[in-house]
Every structure is written in C-alpha cells, then in structure tokens.
Amino acid sequence: MTEVARPDYVIRGESIVTSLCRQNTILVTGSEEGNIKLYDTQIMRPTASWIAHKAQVMGLKALDGGGVMSQGREGGLALWKEGQCVRSCSVPSTGFCRFALSDDQRHCFLGLDEKSKVACVDAVKLNVVKTFQPADFNRKGMCWSLTVSGNYVYLGYESGHIVLLDRRNLSTQVLEVKVHDEIVTTLDVRDNKIISSSPDSTIKITSLTTEGIASDNSLQDTPSKTNQPNSPLETIVGSLNSSSSKEKISAETPYTIPLKCQGSSQIRIRPDGKLFAASGWDGGLRLYSVKKYKFLGLVEAHCPETITDMITFDNRIICSGRDCKISFWTFY
C-alpha cells in the first residue's frame, strides 16, 4: 500500500468500546461500562442500547437464532433477545480471557480465575458442563486467550504455552507446545495454522501436522513447511483415542514475525484465508499475507490508543479503540 489508507467510516462515541460482533447489517458493541449498543451499518446510526453487565463487556457473539451472547468482566454470561435477557449465569471468570463459541453454537469456552482452568458451558442452558485443568497448572498460569475451530479448542496461557483440546473429550490434552516467551495474549486458527502474539514483540505462526485423522475432524493432513528460516520449537506430540480413530498431532514453528510494537491485542484471520490482521497495543493495524507471511502494510487506525477489539468479514475489518471510536476498513 503506497497511499495512506483511510477508513470507510468512523463512529465516534462517548465511551470506550471493548468488544464487537456483527449480525447481518447490525453491529453489536459492548462498552467498558457494561453497556451493549446496536448500530445499523446501513445508516451508521444506533438503534438500541441497554445495560448488560456490572463491569466491562469482555466478549460478544451473534447467535444463529437472532440473539446475542455476552460476557462481562464481573463473571457473568448472558443471552439477549431484542434487548431482553433470556438467561444468565455467573461464572468465576474475571480475568482477561474472552469466551469463544463452538461452530455449532452448542457450547462456549472461557478461562476461569482458578489457575489454568477452562470451563465448557452449555450455550443454551448456560450451565458449566465440564472443566479442564492441565496437570502442571502451576507452570502454566492463567488462560489468557482461546478460540474454537471445528472439534478443537486452542488455549493460550500466561507461560507462553498453547494447549490443544478435543472438545468431544475435554479430559484429554491433545497437544502442548511452548510458543512464546511471555503471555499468549491472542490467537486465531485456520487451515492447520495457529497465529498468535505476545508482549515478546513477535507474531508466531505454528503449523500443525496430523496422522490418522477421523473424517469429521476439522484439521487436514497436510505436510508441515520445512523451508522457513526459523528453527523448530519444543514439540510435545499428544494422542487422542476417539470412537473412530487414533489421532496424532504434532507442531512446529516455521516462522516468526518480529514486531516494532509490544505485541498485538487481537489477531484475526480474514474468512477467505488470504490475509490476517494484527492490532497493536500502539493502535496500529498491521496486515500480513497468510500464504507467504509477507507484511502488506500498516494502518494507523487508532494511534496512539490501543485497539480493543476487531472483527473481519468479506474483505472488511471493523476495529474499536480506547479513543472511543469504531473504524470501518476495506482491504483488497
């Protein structure tokens, strides 16, 4: 990008937006004060708002049935339909880990206050159905980030480890690998690649290789890259006995991207898989090619304030920042 990129549109508000999600043409935002506000993106105007939580809205997810699920920093989960609370529950989760929703929207996962613990919550009844805690939880610290892709849950820990679980059997840890020197603050997954960042001023792209994969597994058996200049990282290969096959997954780090800022607050892979965006603590939005890991450009989206959340769809990116703004961008 040789020209200075300009946002398509900017919404200026009175409060800091800390979380975003999109439901068709409606943008759902959650604020630092615990409020949820809806914007019609066709006219760029608010259409509804309500008090949702007693503390910061940590996460938002749009539901297929037309509702919204929200996570509050006070430890609350809630289901909303047309501004009305359908169901809510209290979960001991007051840290920095945003919840993630499974692809079938039957379960959500979030980090708990107890060391290294992660909870699986029924997304309809809003009750905890299972928890996971690694055996060496004193070494891992808190779970700071997580995401769900297919049958797998990816956990980013305070120690710099990434742990892989099969959500069909949370009692068994499938894979553990040391990726960063510091906290895994954010991660995203697509096509056997985990893209993560940390205050160690790096982005790491970790490729997964599988053997004996079941037909319903989201991971595909693809060879790992060996022509990259970085040395392999410490790898622990896990195995999982399922009803249909024995799965073995291994990991290595084929590439490290150095950052000129102290890590990223969010990393999002665009749905078409062609590029990913990394939002820096400096308010800059950095774009990279997923295929060649090439740096494509820097957009000073919310500089010098931190980007608090980011969502991607089609060829668009929406960011919120501590400058009380929401910016809309179109790339490639």
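1. Some details on the overall build of the protein
Right, on to step 1. Counting its regular elements, the protein contains one helix and 30 strands.
Right, on to step 2. With 332 residues in all, the protein has 55% of them scored as buried.
Right, on to step 3. When the accessible surface of the protein is totalled, it reaches about 14,900 Å², and 46% of it is carbon and sulfur.

2. Concerning the layout of surface pockets
It is the rolling of a water-molecule-sized probe over the atoms that shows where space remains empty.
Right, on to step 1. The volume enclosed by the largest pocket comes to roughly 1,600 Å³.
Right, on to step 2. Residue lining of the largest pocket: 50 residues in total, with Lys 61, Gln 266, Arg 268, Asp 309 and Met 310 positioned closest to the centre.
Right, on to step 3. Every element with two or more residues in the lining of the largest pocket is listed here: strand 2 (17-23), strand 6 (57-62), strand 10 (100-101), strand 14 (143-149), strand 18 (186-190), strand 24 (264-269) and strand 28 (307-313).
Right, on to step 4. Among the residues making up the lining of the largest pocket, the classes are represented as 22 nonpolar, 16 polar and twelve charged.

3. Looking at the side chain of Thr 29
Right, on to step 1. The topology assignment puts Thr 29 in strand 3 (residues 26-31).
Right, on to step 2. Note on Thr 29: relative accessible area 4%, which makes it buried.
Right, on to step 3. Those residues in contact with Thr 29 that lie beyond four places of it in its chain are Val 17, Ser 19, Leu 20, Asn 35, Ile 36, Lys 37, Tyr 39, Leu 60 and Ile 326.

4. Digging into the packing of aromatic side chains
Right, on to step 1. Under the criterion given, the structure shown has six aromatic pairs.
Right, on to step 2. When the ring of Phe 96 is compared with that of Trp 144, the centres are 4.9 Å apart and the planes differ by 15°; the resulting orientation is stacked. Taken together, the positions of Phe 96 in the loop between strand 9 (84-90) and strand 10 and Trp 144 in strand 14 put the pair 48 residues apart, joining distant regions of the chain.
Right, on to step 3. We classify Phe 96 as partly exposed; its relative accessible area is 49%.
Right, on to step 4. Each ring, one from Phe 276 and one from Tyr 288, has its centre 5.1 Å from the other, and the planes form 15°; the classification is stacked. Placement of the pair is Phe 276 in strand 25 (residues 275-280) and Tyr 288 in strand 26 (residues 285-289), with a sequence separation of twelve residues. Assigned by exposure class, Phe 276 and Tyr 288 land together as buried.
Right, on to step 5. Positioned over the ring face of Phe 313 is Arg 22, at 3.8 Å from the centre of the ring.

5. Quick look at the sheet that holds strand 12 (residues 118-122)
What links the strands of a sheet is backbone hydrogen bonding, and the strands pair in either a parallel or an antiparallel sense.
Right, on to step 1. Across the sheet, four strands lie side by side as 10-11-12-13; this open sheet has antiparallel pairing. Of all strands in the sheet, those with a lone pairing partner are strand 10 and strand 13 (128-132), marking the two edges.
Right, on to step 2. As defined by bridge partners, strand 12 adjoins strand 13 across four bridges and the pair is classed as antiparallel. Across the sheet, Val 118 pairs through a bridge with Phe 132, a residue of strand 13.

6. Observations regarding the pattern of salt bridges
Right, on to step 1. Overall, the coordinates contain 14 salt bridges when judged by the stated rule.
Right, on to step 2. Ionic pairing is found between Asp 104 and Arg 167, a salt bridge with its closest N-O pair at 3.2 Å. One end of the pair, Asp 104, is in the loop between strand 10 and strand 11 (107-111); the other, Arg 167, is in the loop between strand 16 (161-166) and strand 17 (173-178), and 63 residues separate them in sequence.
Right, on to step 3. Residue class for Asp 104 comes out partly exposed when judged on its relative accessible area of 35%.
Right, on to step 4. Through salt bridges with shared partners, a single network forms among Asp 136, Arg 139, Lys 140 and Glu 176.

7. Observations concerning the pairing of strand 26
If a strand is regular, its side chains alternate between the two faces of the sheet.
Right, on to step 1. Summarising burial for strand 26: five of the five residues are buried, a large majority.
Right, on to step 2. Residues Leu 285, Leu 287 and Ser 289 of strand 26 are buried on one face, and the alternating residues Arg 286 and Tyr 288, pointing to the opposite face, are buried as well.
Right, on to step 3. Here five bridges tie strand 25 to strand 26, and the two strands are oriented antiparallel to one another. Directly across from Ala 277, in strand 26, lies its bridge partner Leu 287.
Right, on to step 4. Strand direction decides the pairing type here: strand 26 and strand 27 (residues 295-299), joined by four bridges, are antiparallel.

8. Here's the deal with the confidence of the model for the protein
Right, on to step 1. Per-chain confidence: the protein averages 86 in pLDDT, with 88% of residues scoring 70 or above.
Right, on to step 2. The low-confidence segment residues 213-245, where pLDDT is below 50, has 84 contacts with residues more than four positions distant or belonging to other chains.

9. A closer look at the sheet that holds strand 25
Right, on to step 1. Pairing in this open sheet of four strands is antiparallel, and the strands run 24-25-26-27 from one edge to the other. Both outer strands of the open sheet, strand 24 and strand 27, are each paired with one neighbouring strand and no more. Recorded for the sheet is a direction-independent mean angle of 15° between the axes of neighbouring strands.

10. Let's talk about the side chain of Asp 188
Right, on to step 1. Topologically, Asp 188 is positioned in strand 18.
Right, on to step 2. Buried charge without a partner: Asp 188 forms no salt bridge, and the closest opposite charge is Arg 268, 5.1 Å away.
Right, on to step 3. One polar contact links the side chain of Asp 188 to the main-chain amide nitrogen of Ile 269, over a distance of 2.8 Å.
Right, on to step 4. Apart from the residues lying within four places of it in its own chain, the contact partners of Asp 188 are Thr 147, Lys 193, Ile 194, Ile 195, Ile 267, Arg 268 and Ile 269.

Cut-off values and rules
Residues numbered from 1 in each chain as written. Predicted model: local features only at pLDDT ≥ 70, side-chain atom pairs only at ≥ 80, totals over all residues. Heavy atoms only, no water. Helix = DSSP H or I, 4+ residues; strand = E, 2+ residues; numbered from the N terminus. Buried < 20%, exposed > 50% of the residue type's maximum accessible area, 1.4 Å probe, protein only. Areas by Shrake-Rupley, 256 points an atom, 1.4 Å probe, with all protein chains shown as cover. 1 Å grid on protein atoms, 1.4 Å probe; cavity = no way out; pocket = protein on both sides within 12 Å on 5 of 7 lines; lining within 4 Å. Points joined across faces, edges and corners; volume = space filled by probe spheres on them. Nonpolar A, V, L, I, M, F, W, Y, C, P; charged D, E, K, R; others polar. Contact = heavy atoms within 4.5 Å. Phe/Tyr/Trp six-rings, centres within 6.5 Å; stacked < 30°, edge-to-face > 60°. Lys NZ or Arg CZ within 6 Å of the ring centre and 35° of its normal. Pairing = 2+ DSSP bridges. Salt bridge = Lys/Arg side-chain N within 4 Å of Asp/Glu carboxyl O. pLDDT = per-residue confidence, 0-100. Axes fitted to C-alpha atoms, helices over the stretch in contact; angles between N-to-C directions. Lys, Arg positive; Asp, Glu negative; His and termini not counted. Polar contact = N/O pair within 3.5 Å; in protein donor to acceptor, adjacent residues only side chain to side chain.

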